[in-house]
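Coordinates in review
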Amino acid sequence: MTDAIQFISLRTSVRPRVAVVLGSGLGAFAETLEEQTEIPYSQIPGWPQSTAVGHAGKLVIGMVEGVPVAALSGRAHLYEGYTALQAVYGLRVLRSLGAETVVLTNAAGGIQPAWRPGTLVLISDHINLLGQSPLSGPNDESLGLRFPDMSEAYSRRLREVSREAGKSLGLELPEGVYAALPGPSYETPAEIRYLRAIGADLVGMSTVPETIAANHMGMKVLGISCVTNHAAGVIDQKLDHKEVLEVGERMKGTLIELLRRTIPRLV
Ligand code: HPA
């Protein structure tokens with residue numbers, strides 16, 4: 001990781017305070033950073049490449065309303081063959097560069113029937129069904145504790161801040177519990193009924209490794225899901241990645257505005 005930190009430090013003097021991870025089809029925010037430096041993941045030592053369609057695969061560092069921000073446009077998923085540890089590599093590098101807060105965005109299936117595609121939801125908690133943790137193996141004491149607390153994994157205060165920012169845009173921003181499954185197949189209707197029974201409101205294939213690693217490192221987390229589709233079996237319709245990307249594309253302006261109004265209040 002030292003090589004990656006040094007590589008990035010030499011390309012920009014901006015030291016990010018907020019990291020933003022952009023989910024499937026949600027990369028457009030990165031283009032709005034002021035005074036930006038763009039670095040393709042392929043150039044950074046040790047950085048996992050993102051191969052998923054809808055993920056650009058670049059780090060963009062710049063400013064939002066005077067706040068230094070690093071945006072990860074594209075992330076590594078378990079379904080690409082990466083481990084949960086590899087999935088948090090970028091976040092750990094950004095933590096070392098100074099980021100204290102991370103905003104994790106994702107595309108998710110809505111288990112709550114009332115959430116139509118295009119609804120933005122604040123993640124209040126998660127259920128890890130990935131079968132993996134980024135913290136498996138020897139603990140690096142310089143990063144955090146062996147057994148980190150997860151009782152407020154998604155900061156209550158940051159949710160409040162984002163809800164206020166959303167209000168100024170006329171957004172309601174309901175809260176929900178995000179369940180992470182490894183994918184890449186979408187869930188079956190039976191799996192969605194199971195997830196609803198155990199308390200999940202949203203389902204996706206990312207975010208949880210980063211939330212665990214962020215809490216381990218003492219970072220504050222804000223999680224925002226863009227509901228791109230009703231989860232399997234909620235309505236009588238098949239799931240399609242094209243729809244996921246289309247809804248992300250349709251919501252990008254709103255998400256950009258929400259992020260731009262939220263970020264200055266996070267630091
Ligand atoms: N399931 C899992 N991941 C997803 C979904 C879904 O329905 N929609 C977007 N990402």
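Above this text you will find the structure in question.
These remarks concern the structure in this document. Starting afresh in each chain, residues are numbered from 1 along the sequence in its written order. Local features in this predicted model are restricted to residues of pLDDT 70 or higher, and side-chain atom pairs are both shown and tallied only at a pLDDT of 80 or more, whereas totals for entire chains, interfaces and linings draw on every residue. Each side-chain value is derived from all of the structure's non-hydrogen atoms; neither hydrogens nor water enter the calculation.

Let's talk about the nonpolar core
Working definition of a nonpolar core: buried Ala, Val, Leu, Ile, Met, Phe, Trp, Tyr and Cys residues. They are joined through side-chain atoms within 4.5 Å. Throughout this description, buried means an accessible area under 20% of the type-specific maximum (1.4 Å probe, protein chains only), exposed means over 50%, and partly exposed covers the range between. Ile-8, Trp-47, Leu-59 and Val-102 are the most contacted members of the largest nonpolar core, which has 44 residues in total. Dropping the residues within four chain positions of it, Trp-47 is found in contact with Ile-8, Tyr-41, Leu-59, Leu-72, Tyr-89, Gly-90 and Val-93. The next biggest cluster of nonpolar side chains, apart from the first, holds 32 residues, and it includes Val-69, Met-251, Ile-256 and Ile-263. It only takes one pair of heavy atoms within 4.5 Å for two residues to be counted as in contact.

Remarks on helix α7 (residues 241-262)
The sharpest bend along α7 comes to roughly 50°, located at Met-251. Among the residues making up α7, those that are buried are Glu-243, Val-244, Leu-245, Val-247, Gly-248, Met-251, Leu-255, Ile-256, Leu-258, Leu-259, Arg-260 and Thr-262. A 3.5 Å cut-off defines polar contacts: any pair of N or O atoms within that distance qualifies, except that in protein one atom must be a possible hydrogen donor and the other a possible acceptor, and neighbouring residues in sequence count only when both atoms are side-chain atoms. Elements are defined by DSSP. Helices are runs of H or I of four residues or more, strands are runs of E of two residues or more, and each kind is numbered from the N terminus. The N-cap residue of α7 is Asp-240: its side-chain oxygen and the backbone nitrogen of Lys-242 are 2.9 Å apart. A residue's bend is given by the angle between axes fitted to the 7 residues ending at it and the 7 residues starting at it.

Remarks on the packing of aromatic side chains
Ring pairs shown here join Phe, Tyr and Trp side chains whose ring centres sit within 6.5 Å, with only the six-membered ring taken for Trp; geometry is labelled stacked below 30 degrees between planes, edge-to-face above 60, and tilted in between. Tallying each qualifying case throughout the model produces two aromatic pairs. Ring geometry for Tyr-41 versus Trp-47: centroids 5.1 Å apart, planes at 25°, classification stacked. The residues Tyr-41 and Trp-47 share a single accessibility class, namely buried. Between Trp-47 and Tyr-89 the ring centres are 5.8 Å apart and the planes differ by 80°, which places this aromatic pair in the edge-to-face class. Taken together, the residues span a long stretch of sequence, with Trp-47 in the loop between β2 (34-40) and β3 (58-64) and Tyr-89 in helix α3 (residues 89-96) at a distance of 42 residues. Exposure class is identical for Trp-47 and Tyr-89. Each is buried. By way of ring pairs, the aromatic residues Tyr-41, Trp-47 and Tyr-89 are connected into one cluster. Against the face of Phe-7 rests Arg-11, its NZ or CZ located 3.6 Å from the ring centre. Criterion for a charge above a ring: Arg CZ or Lys NZ at most 6 Å from the ring centre, at most 35 degrees from the ring normal.

Some points on the site of the ligand
Taken together, Ala-107, Ala-108, Gly-109, Tyr-186, Glu-187, Val-203, Gly-204, Met-205, Thr-228, Asn-229, Leu-239 and Val-244 are the residues near the ligand. Between the ligand and the protein, one listed contact pairs a nitrogen atom with a side-chain N or O atom of Glu-187 at 2.8 Å. For the ligand, a nitrogen atom lies 2.7 Å from a polar atom in the side chain of Asn-229. When contributions to the shell around the ligand are tallied by element, the ones reaching two or more residues are β5 (101-110), β8 (202-204) and β9 (220-230). If you tally residues by element for the shell around the ligand, the top one is β5, at three residues. Within the shell around the ligand, the residues separate by chemical class into seven nonpolar, four polar and one charged. Only heavy atoms are used to decide nearness, and a residue is near a molecule or strand if one of them lies within 4 Å of it. Here the nonpolar group is Ala, Val, Leu, Ile, Met, Phe, Trp, Tyr, Cys and Pro; Asp, Glu, Lys and Arg are the charged ones; every other residue, Gly included, is treated as polar.

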